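Results of the structural survey
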Amino acid sequence: MSASPEPQGGGPPGGSPGDFLKNIVGKRVKVRIGNGIDYHGLLTCLDGYMNVALEDTEEWSKGKVTARYGDCFLRGNNVLYISALEEI
Amino acid sequence: MVWSLIVSRNFASVLLQQDNRLDQPGSGSLTYLYFEMEEAANASISEPLDLVKLALGERVFIKLRGDRTVSGVLHAYDAHMNLVLSQVEEAVHIVDVTEDGQAMPLRVDRRQMEMLFVRGDGVILISPQQQ
Amino acid sequence: MAAAATTILPLELVDRCIGSKIWVVMKNEREFTGTLRGFDDYVNMVLSDVKEYEVTSNGVTSTDLGETLLNGNNIAMLVPGGKGPEA
């Protein structure tokens, strides 16, 4: 029986990626994709592939807003990280 | 019917002759979702792919790897984000470099296609087009 | 298959880092430090009090982030302790 890498304690509650995903829906987030472009928006939902749906999205590149999207879908393989812009 | 296949990694576009009708059952792995539009209209978004489902039949803007953007009417998608679009305009954003290494102003190459299949692994972003 | 008593799985080391600072080096020029909150089989990581670093030949630029889910796909190395590239 091999040990599961999923932390079973030690860390505070809500520590695992799964818990993070549950708690972050509905919050404002910054999603950075591989090439350094950021998407700031309200996180509508996401799935296990890190596919993301955002509302009221701003696309940021080199410190400037380069586009706005009412709704937008980001394919998960491009996602570098999802970071909360507010307390979760 | 002429199809274009975007191969995302090497940015090559391969033109294919394709006689299959879109609505023919069993023509490849794409799930065709033409008739789910009414269903989608009153469905809420519970997973990210629902957003794509809600955009079926509408004009969408798509960002692809390799500094490409595409806009067209979304006809079908699957879990890989393979897409079928019609009335497509593709834009390729190019920065030319002179012989001494100076970057020229951004150039945009545009072209139109009647019907297009986009391979899912090139997709970065999909957004219903506001206009 | 049972692991021998002496073997330590690599991810056990990561598990021991939960609650403390960690330094994450990506496959590209990007690095992160933060407090490790958790991780999964793919070594996707949840970090808090995050600093993101871009390490180039011109130096290091850093950005502060809040609670962050980092995609494990592009992680190259993990360093317990998390001093970061500026230390």
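Under an unreviewed UniProt entry, the name given to chain C is LSM complex subunit LSM5, and the source organism is Kockovaella imperatae. One UniProt comment on chain C, placed under Function (unreviewed entry), says "Plays a role in U6 snRNP assembly and function. Binds to the 3' end of U6 snRNA." What UniProt records for chain C under Subcellular location (unreviewed entry) is the sentence "Nucleus".

Under an unreviewed UniProt entry, chain A has the name U6 snRNA-associated Sm-like protein LSm6 and belongs to Kockovaella imperatae. As stated in UniProt under Subunit (unreviewed entry), the record for chain A gives "Component of the heptameric LSM1-LSM7 complex, which consists of LSM1, LSM2, LSM3, LSM4, LSM5, LSM6 and LSM7. Component of the heptameric LSM2-LSM8 complex, which consists of LSM2, LSM3, LSM4, LSM5, LSM6, LSM7 and LSM8. The LSm subunits form a seven-membered ring structure with a doughnut shape."

Some remarks on the overall build of chain A
A tally of helices and strands in chain A yields one helix and five strands. Along chain A, from the amino end to the carboxyl end, the secondary structure elements read α-β-β-β-β-β. Expressed as a percentage of the 88 residues in chain A, the buried residues total 50%. Excluding contacts between residues fewer than 6 apart, the proportion of contacts in chain A whose partners are at least 24 apart in sequence is 38%.

Comments concerning the interface of chain C and chain A
Facing 26 residues of chain C, the contacting portion of chain A comprises 26 residues. Buried surface at the junction of chain C and chain A, summed over both partners, amounts to about 2200 Å²; 60% is from carbon and sulfur atoms. Run the count over chain C and chain A and you get one salt bridge. Glu 52 of chain C is the salt-bridge partner of Arg 32 of chain A, the closest N and O atoms lying 2.6 Å from each other. Applying the counting criterion to the chain C and chain A interface returns eight residue pairs in polar contact (both at pLDDT 80 or more). Elements supplying a minimum of two residues to the side of chain C that touches chain A: helix 1 (10-16), strand 2 (30-39), strand 3 (45-56), strand 4 (59-65) and strand 5 (68-70) of chain C. Ranked by the residues each element gives to the side of chain C that touches chain A, the list is headed by strand 2 of chain C, at five residues. Grouping the amino acids of the side of chain C that touches chain A by side-chain chemistry returns 12 nonpolar, six polar and eight charged. Strand direction decides the pairing type here: strand 5 (residues 79-84) of chain A and strand 5 of chain C, joined by three bridges, are antiparallel. Bridge pairing in strand 5 of chain C links Tyr 81 of chain A to Leu 70 of chain C.

Here we look at the environment of Leu 80 of chain A
Counting through the fold element by element, Leu 80 of chain A comes out in strand 5. Judged by relative accessible area, Leu 80 of chain A falls into the buried class, the value being 4%.

Notes on the UniProt feature "domain: Sm" (unreviewed entry) in chain A
Mapped onto this structure's residue numbering, the UniProt feature "domain: Sm" (unreviewed entry) falls at residues 16-88 of chain A. Helix makes up 11% of residues 16-88 of chain A and strand 58%, whereas the separation of the span's terminal C-alpha atoms amounts to 14 Å.

Observations concerning the pairing of strand 4 of chain C
All names here are of chain C. Summarising the sheet, strand 3 and strand 4 pair through seven bridges and their orientation is antiparallel. Each bridged residue has a counterpart across the sheet, and for Tyr 53 the counterpart in strand 4 is Ser 62. Once strand 3 ends, the chain turns through two residues before running back antiparallel as strand 4.

Brief notes about the nonpolar core
One broad rule of soluble globular proteins: the nonpolar side chains tend to lie buried together. Among the nonpolar cores identified, the biggest contains 25 residues, and Leu 54 and Ile 82 of chain A are the most heavily contacted of them. Secondary structure elements with two or more residues in this core: helix 1 (17-24), strand 1 (28-33), strand 2 (38-46), strand 3 (52-61), strand 4 (64-74) and strand 5 of chain A together with strand 7 (123-128) of chain B. Per-element tally for this core: the top contributor is strand 4 of chain A, with four residues. Excluding its chain neighbours within four sequence positions, the residues that come into contact with Ile 82 of chain A are Phe 20, Ile 24, Val 29, Lys 30, Val 31, Leu 46, Met 50 and Val 52 of chain A together with Glu 67, Thr 68 and Leu 69 of chain C. Counting 23 residues, the second-largest nonpolar core is a separate cluster that includes Ala 53 of chain A together with Ala 55, Met 81 and Ile 126 of chain B.

Here's the deal with the confidence of the model for chain A
Detailed reading of predicted coordinates is not advised where the pLDDT is low. When the pLDDT values of chain A are averaged, the result is 86; 84% of them are 70 or greater. Contacts from residues 1-12 of chain A, a stretch scored under 50 in pLDDT, to residues over four places away or in other chains number 19 contacts.

Concerning the side chain of Ser 71 of chain B
Examined against the element boundaries, Ser 71 of chain B turns out to sit in strand 4 (residues 68-77). Discounting residues that sit within four places of it in the chain, Ser 71 of chain B has contacts with Arg 59, Val 60, Phe 61, Gln 87, Val 88, Glu 89 and Gln 129 of chain B.

Scoring rules and cut-offs
- Residues numbered from 1 in each chain as written.
- Chains lettered and ligands numbered in written order.
- Predicted model: local features only at pLDDT ≥ 70, side-chain atom pairs only at ≥ 80, totals over all residues.
- Heavy atoms only, no water.
- UniProt positions renumbered as here; feature names shortened; annotations may be inferred.
- Helix = DSSP H or I, 4+ residues; strand = E, 2+ residues; numbered from the N terminus.
- Buried < 20%, exposed > 50% of the residue type's maximum accessible area, 1.4 Å probe, protein only.
- Contact = heavy atoms within 4.5 Å.
- Buried area = accessible area lost by both parts, 1.4 Å probe.
- Salt bridge = Lys/Arg side-chain N within 4 Å of Asp/Glu carboxyl O.
- Polar contact = N/O pair within 3.5 Å; in protein donor to acceptor, adjacent residues only side chain to side chain.
- Nonpolar A, V, L, I, M, F, W, Y, C, P; charged D, E, K, R; others polar.
- Pairing = 2+ DSSP bridges.
- Core = buried A, V, L, I, M, F, W, Y, C linked by side-chain atoms within 4.5 Å.
- pLDDT = per-residue confidence, 0-100.

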